[in-house]
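Letter by letter, the chains look like this.
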Amino acid sequence: MSRELEFTGWWEGDAVYRCDHCGNEESFEFDSEDIDSKEHRAILRREKGWITTKVNGQWKDFCCERCRNQYIINHA
């Protein structure tokens, strides 16, 4: 998956999600061990138009349909 945790303190920082094609990033602050990546991904889909698709047996994240389609063309 395309999520990285960038820590700024003890279980504080940003959960950063990156488009697997263009590298576009969205981040969510966290301040405990209970990082709700399921909710983050729901927000990315619902509010930002992100798409999660299985390509060649691996889940990939894309910021838009154009990036998803181009990634599939390049990696199929």
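Structural data are supplied above this passage.
All figures in this text were calculated on a predicted structure; none of them were measured in a lab. (Residues numbered from 1 in each chain as written. Predicted model: local features only at pLDDT ≥ 70, side-chain atom pairs only at ≥ 80, totals over all residues. Heavy atoms only, no water.)

Student: Tell me about the sheet that holds strand β1 (residues 3-9), and name the residues and values.
Tutor: Backbone-to-backbone hydrogen bonds pair the strands of a sheet. The strands run either parallel or antiparallel. Taken in spatial order, the three strands line up as β1-β2-β3 in an open sheet, and their pairing is antiparallel. What marks the edges here is a single partner per strand, and that holds for β1 and β3 (25-30). For this sheet, the mean inter-axis angle between neighbouring strands, taken without regard to orientation, is 20°. One ladder, built from six bridges, connects strand β2 (residues 12-18) with β3; its direction is antiparallel. Paired with Asp14 across the bridge in β3 is Glu29. (Pairing = 2+ DSSP bridges. Helix = DSSP H or I, 4+ residues; strand = E, 2+ residues; numbered from the N terminus. Axes fitted to C-alpha atoms, helices over the stretch in contact; angles between N-to-C directions.)

Student: So what's going on with the pattern of salt bridges? Which residues, and what values?
Tutor: Counted under the stated rule, the structure contains seven salt bridges. Between Glu26 and Lys48 there is a salt bridge, and its shortest N-O distance comes to 3.6 Å. With Glu26 in strand β3 and Lys48 in helix α1 (residues 37-48), the pair connects residues that are 22 residues apart, well separated along the chain. Here Arg68 and Glu65 are joined by a salt bridge, their closest N and O atoms 3.9 Å apart. Here Glu65 and Arg68 lie together in helix α2 (residues 65-75), a separation of three residues that amounts to about one turn. What makes Glu65 partly exposed here is its relative accessible area of 48%. A single network of salt bridges, built from pairs that share partners, joins Glu4, Arg18 and Glu25. (Salt bridge = Lys/Arg side-chain N within 4 Å of Asp/Glu carboxyl O. Buried < 20%, exposed > 50% of the residue type's maximum accessible area, 1.4 Å probe, protein only.)

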